[in-house]
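Structural description and commentary
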Amino acid sequence: MEYTQLGRTGLKVSRLVLGTMNFGPQTDEPNSHAIMDAALDAGLNFFDTANVYGWGENKGRTEEIIGSWFAQGDGRRDKTVLATKVYGNMTVDGEPVWPNHDRLSALNIRRGVEASLKRLRTDYIDVYQFHHIDRLTPFDEIWQAVDVLIQQGKILYAGSSNFPGYKIAQANEAAARRGMVGLVSEQCLYNLAERRAEMEVIPAAQDYGLGVIPWSPLHGGLLGGVIKKEVEGGRRASGRAADALADPAARARIQAYEDLLDKHGLAPGEAALAWLLTRPGVTGPIVGPRTPEQLDGALRALELELSDEVLAGLDEIFPGPGPSPEAFAW
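All figures in this text were calculated on a predicted structure; none of them were measured in a lab. (Residues numbered from 1 in each chain as written. Predicted model: local features only at pLDDT ≥ 70, side-chain atom pairs only at ≥ 80, totals over all residues. Heavy atoms only, no water.)

The next point concerns the environment of Phe 163. Of note, Phe 163 is situated in the loop between strand S7 (155-161) and helix H6 (165-177). Distance in space between the C-alpha atoms of Phe 163 and Tyr 208 is 13 Å, their sequence separation being 45 residues. Residues contacting Phe 163, with those up to four places away along its chain left out, are Phe 130, His 132, Ile 133, Phe 139, Ile 168, Leu 183, Glu 186 and Val 201. (Helix = DSSP H or I, 4+ residues; strand = E, 2+ residues; numbered from the N terminus. Contact = heavy atoms within 4.5 Å.)

Structure representation (C-alpha cells):
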C-alpha cells in the first residue's frame, strides 16, 4: 500500500479511500465487516462515511455498522483514519424536518458530532467533513464550532465536500483570521468523464493545501466497462451510467474508451482509478465496493502504471477543460 500526506497535514493516509455508502443499503453487516477487514489487511487505512448514509428510514445505519466493526477491537479503530460528514437532516424521508436539524449551524454541528460518535462507537473523528456548503451560516460561526470540538478532542481535522473553489478560499481565509488550520481536504466529483473540478476546485485545493478525494471515480459505473458488460452478460446500466449512454455521442466516447483499454489489455475500472492516481493534487479516490471481490479489483489499480500512449488516448477521448483561467478567459 502506498501512503501520502493528507493535504498539508502530517496525517498519512492510503492512496485509496474506502467508501462505505453501500454498507447497509446494499451490503449487509457481516459482509461490510469482511470488506473493512480485507481493506485493513491490505493496508488501506482511510475510511469515509457520512451521518446520512443508510438513507431513507435507515439514516445513520452505515455509521452503526462501522461502529460495530470498531467494537470488535484488535486495533481496528487505532489503525483507521476515520472521516464522516455533517449537513443533511437525519429525519426519516418524507417526515417534516425540525428547525436546526440540518445544515452547518453551530448547534447542528455539535448535535451531528455527538450523534456520529455514538453510532461509530468512538470518542473522536479524524476528519469531520461538511457535506455541502451552507449559504445561510457564516464561516466564523462554523469555525467557532469546529474550534470547540477540536479543543474537546472530538474531531482532529475539518474537511469539505462538494465545495466550489471560491468557498474553499472563503473558508480557509476565515480560518486563517482565527489562527486555525482550516480545511485540509475536499471531496469532490471527479473522474475521466467529469473533469470540471480541474477548472476551479482542484486549483483552489492545491493553493490552500487541501488533499483532493474524488468521489464516484467510475462515474456511477460508466467507466467500469459498462458496454462490454451489456454485450457479454446482459447487465444493463442504471442511474448516472444509463443516463449518459442514452446520448449517442456519450455512448460513442465510452465505446472508444473501452476499445482503447481493451487494445492495451487493461480493465476499465482499474484504469479509471489509476488515471486519478496520476492527477495533480489527488490524495486518493473513494472506492465503494459492495463485495470483497470488488475491493480486490480496486486494489489492483495501485499497481497499474498507465503508459504515455494510454494517458494521451484517455485525454483525447475525455479532454479536460484546460488550465484555469485560460480555459474560459480567452
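Before going further, it helps to spend a moment on unusual backbone geometry. Of note, the bond from Ser 324 into Pro 325 is cis; its omega dihedral lies within 30 degrees of zero at 5°. Phi is positive for Asp 74, close to 60°, though the residue is something other than glycine. Within the secondary structure, Asp 74 is located in the loop between helix H2 (61-70) and helix H3 (76-79). Given a relative accessible area of 66%, Asp 74 falls into the exposed group. (Buried < 20%, exposed > 50% of the residue type's maximum accessible area, 1.4 Å probe, protein only.)

Within the sequence span of helix H7 (residues 201-208), burial applies to Val 201, Ile 202, Ala 204 and Ala 205. Seen along its axis, H7 keeps its buried residues to an arc of 160°; they face one direction. Once H7 ends, the next one or two residues include Gly 209, with phi positive near 75°. (Arc of directions from axis to C-beta.)

This brings us to the packing of aromatic side chains. To describe a pair of aromatic rings, you give the distance between the ring centres and the angle between the ring planes. Per the stated rule, a full pass over the model turns up seven aromatic pairs. Between Tyr 53 and Trp 55, the aromatic rings sit 5.4 Å apart at their centres with planes inclined by 45°, giving tilted as the arrangement. Owing to a relative accessible area of 7%, Tyr 53 belongs among the buried residues under this scheme. The interplanar angle of 45° and the centroid separation of 5.5 Å between the aromatic rings of Trp 69 and Phe 70 together place this pair among those described as tilted. (Phe/Tyr/Trp six-rings, centres within 6.5 Å; stacked < 30°, edge-to-face > 60°.)

Attention shifts here to the packing of helix H10 (residues 248-263) against helix H13 (residues 308-317). As a packed pair, H10 and H13 sit with axes 10 Å apart at the nearest point and diverge in direction by 175°. When the axes of H10 and H13 are compared, the pair comes out roughly antiparallel. Residue-level contacts link Arg 253, Ala 256, Tyr 257, Leu 260, Leu 261 and Lys 263 of H10 to Glu 309, Val 310, Gly 313, Leu 314 and Ile 317 of H13. Residues of the contact of H10 with H13, tallied by class, amount to seven nonpolar, one polar and three charged. (Axes fitted to C-alpha atoms, helices over the stretch in contact; angles between N-to-C directions. Parallel < 35°, antiparallel > 145°, perpendicular 65-115°, else oblique. Nonpolar A, V, L, I, M, F, W, Y, C, P; charged D, E, K, R; others polar.)

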